Amino acid sequence: MASPQMTEGNALPPEKPLIMRYAARSDVGRIRSKNDDSAYAGKHLAVVADGMGGHAGGDVASASTVLDMIHLDHDAYPDGAETVLADEIQTANSLLSELVHVDPKLAGMGTTVTALLLEGRQLHFAHIGDSRAYRLRNGKFEQISVDHTFVQRLIDEGRLRPEEAETHPHKNVLMRVLGDVDASPELDLDVLEVEVGERWLLCSDGLNYVQGPVVEQVVRETRDLAECAELLIELTLANGAPDNVTVVLLEIVEETADDLTTAAVDVVSAEAPGTLQPAPVAKPIHEKGATPKPPRGREAKTRPQAAEPDKEAPDAGPRLPGASAPVSAAGAPTSGAAATGDVAKTNGSAEPPTATDPHLGEHLSAEILREELASRPHELVGAAATAAETGSIPTVAGRSVARRAATVLTHKAEQDRLEFQPVPTRKRRWLTLAIAAVLAIFVIAGLWVGYAWTQTRYYVGEFDQHVAIYNGISQSLGPFQLSKVQTVTNIRMDSLPEYTQQSVRQTVAARDLADAQQIVKSLQNNGTTGLPTPCPTNTAVPSPSPSATRAAPSPAPSAAATSSPTSTPVPTCGGTR
C-alpha cells in the first residue's frame, strides 16, 4: 500500500489494507417452493442476485451469475478495477443467453445483480434490477441503489407517491434485468470512497416486506453481522415472507494477521462425484444451505483418500476428486492415473481426459468451482450454494463440455472459447437469411407492380384554383403521393357551378388520358363533368308539385310551363353534371 510518510521527522506506519467482514443468509420464504436467490460474500467481493422466471429457471440465472463472478474476490488488479464488475456482469449476461440457446426451456429467465468490489480504499459498485444496496456511514443510513422498476419510474416522473408504490399492482415489473432479452443491458456503475467502520446491506426484494425504519434500526443496533442477518431474515418470515429473501451484511475493516490465513474447503470424493462431503467451517457464521468452510491454517486438511494417503504432503491442500483412487464398477480401487474423471493438473497444462463418462463436464465444473472457492474464505448462500453442493453447475454444451465449463467458471482457458462452434446454428442462420431475402424481394416486387399500375390511371382535380388533369390515383402512401400533375387547364374553379366545383375538388376519375381530356372539355363547354349524376338518397330535390300543375285550369301550355322552377339548375337522376 502507501509508503511511510514523514511528519515532523517521525515515520508513520503504512496504512493497513482494507477488507470486508461479512455475513450472508438466504431463505426460501413461506410461499415459494424453491429459492431463486443467490449471494456470495468474501473479503473483497459481495454479490446478491435475485433470479426470475419461476419454473423456467430463475435459480439457474442467479446461480450462474454469482458463480461466474466469484473469481473476482481479490484486490490484485494492476490495471485497476474500474471496469472489472461491468465486464464480468456482461460476461454473465452472455452466459445466460448461451444457456437459453442450449436449453430453450430456460427462455425468459433473468436475474438482478447488485455487487460491490473492494479495491484498496475504493468500492466499485454495479447494479441492475430491484435488489438493493444500503450504506450506514457516519450515522447516516441511505439507499445507494436505485430500483429499476416501473413504479420507480413513475415516482421519478412525479406520477406516483413513494407511499403508493408498495400497493401498486405493477410494483414487481422490472425495466432492466440480466437475461436473454438484452444483449448489452444498462448497468448503474459507481466508484465510492470507503471509510473504516462503514456498513453495507445488500438484499433481494424479499426484504421489502420489512418496513424501512425497522431495517435501519436493526442494522444500526445489531453489532454482530451474523446476528443482524439472522434477525432480518426472522423479521421477514414473521411478516409472511411471500418471496425468497437474501441479505448480505458487510463492514469495512482493516486487515489483521488472522485474516492472512486462507481457508480451504473439501471437494467431491471420487466415490460419490457430485456430492459435497461435510467439513468443519472456517468462521463462526452458520447458514442452512451455505457452502461449508473448514478451519484455517494447519487444521485445514483434505479428506483422507482411499489410496496411498501417506504419499501426500501434509500441507498439499485440497485434492480434486479425480486425483484420488476411485472405485471401479466392481468395487475394486483403480489407479488414479487411469481413473475416469481424473482431472489432476500437471505443470498447469493437463488436458481433460476423453469423455468416457457422460457426466464428465458436470463433474469437472463442480470440481473447478470448489477449487476456486477453496482458495479463500467466503459465504455462499441460496441457489448458488445448492448448485455448488450438489454439483449441478449450469454449463454450456459444446464440442468439449469439460473445457467449456472450465472457461466459464475460472476464466483461465480463454483460448478454448474458440472450440465452441455451434455448426447447426450457422446453418439455421443462413437459412433464415435466405428466406428473409426472398421475402424482401417479393415485397419489393409487389410494391413496384402496384406503383406501376397507379401510373396508368388518371383523374381530374383542382390545382392552384384551376382544373387540372392528374396522372395516378388520388391517394398517398405515408409521405409519398401516388399521383402527379399531368396538365393544368385555364378553367378557373370559380367559373364553375358550386356543385361542379365540389365534384372536381373530390376528384373525378377517368378511364385513361383521353377520357380525362373529354371531362375537361365538358367542363369548359357545359360547366359539368359530363358524367351521370347519382340519385340522391338522403335529401329531396326541390321540384314543382305535380298536383299543382295538374290543378291549373288554363288549357294553355305556356301556363303549365311557367309553373316549373327556373331559379337554379338542379341535377336529376340520369342527367349530367
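None of the values given here were measured: they were computed from a predicted structure.

### As for the sheet that holds strand β17 (residues 466-477)
Spatially, β18-β17-β16-β19 is the arrangement adopted by the 4 strands of the open sheet, whose pairing is antiparallel. Among the strands making up the open sheet, the edge pair consists of β18 (480-492) and β19 (508-510). Here the strands of the sheet are splayed against their neighbours by 35° on average, with no regard to which way each runs. In terms of strand pairing, strand β16 (residues 458-463) meets β19 through 3 bridges, oriented antiparallel. Bridge pairing in β19 places Tyr 459 opposite Ala 509.

### Notes on the sheet that holds strand β14 (residues 245-254)
Spatially, β3-β14-β13-β9-β10 is the arrangement adopted by the 5 strands of the open sheet, whose pairing is antiparallel. For this open sheet the edge positions go to β3 (18-27) and β10 (140-143), each flanked by a neighbour on one side alone. The average angle at which neighbouring strand axes cross in this sheet is 15°, direction not considered. Relative to β10, strand β9 (residues 132-137) runs antiparallel, the two sharing 4 bridges. Its bridge partner lying in β10, Tyr 134 is registered against Gln 143. Contacts between helix α5 (residues 212-221) and the sheet are confined to β9, β10 and β13 (199-203), with β10 contributing the most and set at about 130° to the helix.

### Quick word on the environment of Ala 226
Along the chain, Ala 226 falls in helix α6 (residues 225-238). For Ala 226, a relative accessible area of 12% gives the class buried. Linking Ala 226 and Leu 250, residues 24 residues apart in sequence, is a C-alpha distance of 9.9 Å.

### Describing the confidence of the model for the protein chain
In the predicted model, the protein chain carries a mean pLDDT of 73, and the fraction of residues at 70 or more is 64%. For the protein chain, per-element mean pLDDT is lowest for helix α14 (residues 557-562), which scores 40, and highest for β13, which scores 98. Confidence over residues 1-8 falls short of pLDDT 50; this stretch has 11 contacts with residues more than four positions distant or in other chains. Below pLDDT 50 for its whole length, residues 397-421 participates in 42 contacts with residues either more than four positions away or in separate chains.

### Overview of the nonpolar core
Grouped together as the largest cluster of nonpolar side chains are 38 residues, with contacts concentrated most on Met 69, Leu 85, Val 113 and Leu 380. Breaking this core down by element, the ones donating at least two residues are β5 (45-52), α1 (58-69), α2 (84-102), β7 (113-119), β8 (122-128), α7 (360-374) and α8 (383-390). Per-element tally for this core: the top contributor is α2, with 8 residues. Setting aside anything within four residues of it in sequence, one finds Met 69 in contact with Leu 45, Val 47, Leu 85, Glu 88, Ile 89, Val 113 and Ala 115. If you look at the next biggest cluster of nonpolar residues, it comprises 22 residues, including Leu 136, Leu 207, Val 215 and Leu 237.

### Details of α2
The end-to-end C-alpha separation of α2 is 27 Å, in line with the 27 Å expected for 19 residues at 1.5 Å each. Residues of α2 that are buried include every one of Val 84, Leu 85, Ala 86, Glu 88, Ile 89, Ala 92, Asn 93, Leu 95, Leu 96, Leu 99 and Val 100, and no others.

### Digging into the pairing of β3
When you tally the buried positions in β3, you get 8 out of 10 residues, the bulk of the element. As paired elements, β3 and β14 share 10 bridges and run antiparallel to each other. Directly across from Tyr 22, in β14, lies its bridge partner Leu 250.

### Topic: the packing of α1 against α2
At a minimum axis separation of 9 Å, α1 and α2 run at an interaxial angle of 140°. When the interaxial angle is binned, α1 and α2 end up oblique. For the crossing formed where α1 meets α2, the hand is right-handed. Mapping the contact onto sequence places Val 60, Ala 61, Ser 64, Thr 65, Asp 68 and Met 69 in α1 and Leu 85, Glu 88, Ile 89, Thr 91, Ala 92, Leu 95, Leu 96 and Leu 99 in α2. Residue classes in the contact of α1 with α2 are distributed as 9 nonpolar, 3 polar and 2 charged.

### A few points about the pattern of salt bridges
In this structure the tally under the stated criterion is 20 salt bridges. With a shortest N-O distance of 2.8 Å, Arg 161 and Glu 164 are connected by a salt bridge. On the basis of relative accessible area, Glu 164 is assigned to the partly exposed category, the value being 26%. Where Asp 494 meets Arg 492, a salt bridge forms, and the shortest distance between an N and an O atom there is 3.4 Å.

### With respect to the pairing of β5
The element β5 is largely enclosed, with a buried count of 7 among its 8 residues. For strand β4 (residues 37-41) and β5, the ladder comprises 5 bridges, and the chain directions are antiparallel. Within β5, the position partnered with Asp 37 by the bridge is Asp 50. With antiparallel pairing between neighbouring strands as the criterion, β4 and β5 make up a hairpin whose turn holds 3 residues. Relative to β7, β5 runs antiparallel, the two sharing 4 bridges. Bridge pairing in β7 links Leu 45 to Leu 117. Pairing analysis gives 2 bridges linking β5 to strand β6 (residues 110-111), with the strands arranged antiparallel.

### As for a nonpolar patch on the surface
Together, Leu 431, Ile 435 and Leu 439 give the surface a local cluster of nonpolar side chains, amounting to about 300 Å² of exposed area. For Leu 439, the location among the structural elements is in helix α10 (residues 423-454).

### A few points about the side chain of Asp 205
Mapped onto the secondary structure, Asp 205 falls in the loop between β13 and α5. Here Asp 205 is in contact with Asp 50, Asp 130, Asn 172 and Asp 243, once residues within four sequence places are set aside.

### A look at the environment of Tyr 499
Mapped onto the fold, Tyr 499 is located in helix α11 (residues 498-505). The spacing of Tyr 499 and Thr 528 is 29 residues in sequence and 9.0 Å in space, taken between C-alpha atoms.

### Overview of the side chain of His 124
Structurally, His 124 is set in strand β8. Looking at His 124, its side chain comes within polar contact range of the main-chain oxygen of Ala 81, at 3.5 Å. In this view, His 124 contacts Ala 81, Glu 82, Leu 85, Ala 115, Leu 116, Leu 117, Glu 119, Asp 190 and Val 191; residues no more than four positions away in its chain are not counted.

### A closer look at the environment of His 101
With respect to the helices and strands, the residue His 101 is situated in helix α2. Judged by its relative accessible area of 40%, His 101 falls in the partly exposed class. Between the C-alpha atoms of His 101 and Asp 180, which are 79 residues apart in sequence, the distance is 9.0 Å.

Definitions and limits used
Residues numbered from 1 in each chain as written. Predicted model: local features only at pLDDT ≥ 70, side-chain atom pairs only at ≥ 80, totals over all residues. Heavy atoms only, no water. Pairing = 2+ DSSP bridges. Helix = DSSP H or I, 4+ residues; strand = E, 2+ residues; numbered from the N terminus. Axes fitted to C-alpha atoms, helices over the stretch in contact; angles between N-to-C directions. Contact = heavy atoms within 4.5 Å. Buried < 20%, exposed > 50% of the residue type's maximum accessible area, 1.4 Å probe, protein only. pLDDT = per-residue confidence, 0-100. Core = buried A, V, L, I, M, F, W, Y, C linked by side-chain atoms within 4.5 Å. Expected span 1.5 Å × (residues − 1). Parallel < 35°, antiparallel > 145°, perpendicular 65-115°, else oblique. Left-handed = near helix turned anticlockwise from the far one by under 90°. Nonpolar A, V, L, I, M, F, W, Y, C, P; charged D, E, K, R; others polar. Salt bridge = Lys/Arg side-chain N within 4 Å of Asp/Glu carboxyl O. Patch = residues over 30% accessible without salt bridge, like charges linked within 9 Å, V, L, I, M, F, W, Y side chains within 5 Å. Areas by Shrake-Rupley, 256 points an atom, 1.4 Å probe, with all protein chains shown as cover. Polar contact = N/O pair within 3.5 Å; in protein donor to acceptor, adjacent residues only side chain to side chain.

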